[in-house]
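Topology and contacts: notes
For reference, the chains in residue letters:
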Amino acid sequence: MIFKETKLQGAVIIELEMVIDERGAFARTFCRKDFEIHGLDGDISQCSISLNTKKNTLRGMHYQKKPYAEAKLVRCSRGVIYDVIVDLRYNSSTFKQWTSVEISAENRKMVYIPEGFAHGFQTLTDDAEVIYQMSQFYSPNHADGFRWNDPSFRIEWPSKNLVISLKDQNYPDFKA
């Protein structure tokens with residue numbers, strides 16, 4: 001795996017190192033030891049999948065509050081997504097900054113999202129499938145979010161013609 005830092009402190013894009021031969025290809029997608037060497041949380045408590053049938057589906061912006069704050073490893077196993085993360089750590093030099101990465105089944109990139117970040121994505125194709133590995137168990141009482149178009153972040157989404165849940169539409173703006 002190739003670990004590439006993003007502009008947000010602690011967030012990393014991970015690219016797979018494919019070994020290709022006459023049979024096809026092989027790559028490691030996770031190794032706790034490699035994560036620890038790079039200072040990343042390598043504990044996995046839960047894995048989830050998100051199936052998105054329509055292009056321009058937007059999910060986000062979501063996070064869990066302490067003591068259930070979670071690190072996430074996100075990859076796209078089918079289709080293409082525009083993945084967005086926002087640093088919500090008050091003591092961070094990149095507080096309230098965001099970055100994005102296009103993740104697809106074809107480019108096989110993954111994004112490591114540290115605790116204290118919000119996460120969301122927009123599908124760029126129909127039938128996009130997203131896989132999450134989380135360091136913490138889901139706690140409905142600690143789940144939170146803010147509106148996808150909160151003016152304090154000015155996230156630039158690829159399309160405004162969105163398929164979005166009422167819950168995500170009705171999140172309030174972020175309160176620092």
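Our subject in this report is the structure included herewith.

Reading the values: the criteria
Residue indices begin from 1 for each chain and proceed along its sequence in written order. Restriction of local features to residues with pLDDT of at least 70 applies here, the model being predicted, together with a cutoff of 80 or more for giving and counting side-chain atom pairs; totals for whole chains, interfaces and linings are based on all residues. Side-chain calculation: all heavy atoms of the structure are included, whereas hydrogens and water are not. Stacked, edge-to-face and tilted labels apply to pairs of Phe, Tyr and Trp rings (six-membered ring for Trp) whose centres lie within 6.5 Å, assigned for plane angles under 30 degrees, over 60, and everything in between, in that order. Helix and strand definitions here come from DSSP, where helices need a minimum of 4 consecutive H or I residues and strands a minimum of 2 consecutive E residues; each element is numbered from the N-terminal end. Each residue gets one of three labels from its accessible area relative to the maximum for its type: buried under 20%, exposed over 50%, partly exposed in between, using a 1.4 Å probe on protein chains only. Placement of a charge over a ring requires the Lys NZ or Arg CZ to be within 6 Å of the ring centre, with the centre-to-atom vector within 35 degrees of the ring normal.

Some remarks on the packing of aromatic side chains
- Scanning the entire structure with this criterion turns up nine aromatic pairs.
- Where Phe-146 meets Phe-174, the ring centres are 5.9 Å apart and the plane angle is 65°; that geometry is what we call edge-to-face. With Phe-146 in the loop between β13 (143-145) and β14 (163-164) and Phe-174 in the segment after α2 (166-169), this residue pair connects regions lying 28 residues apart in the sequence.
- By relative accessible area, which is 0% here, Phe-146 ends up buried.
- On the basis of relative accessibility, which here comes to 13%, the residue Phe-174 falls in the buried class.
- Connected via pairs of aromatic rings, a cluster forms that spans Tyr-90, Phe-95, Phe-146, Phe-153 and Phe-174.
- Its guanidinium or amino end placed over the ring of Phe-153, Lys-96 lies 5.9 Å from that ring's centre, counting from NZ or CZ.

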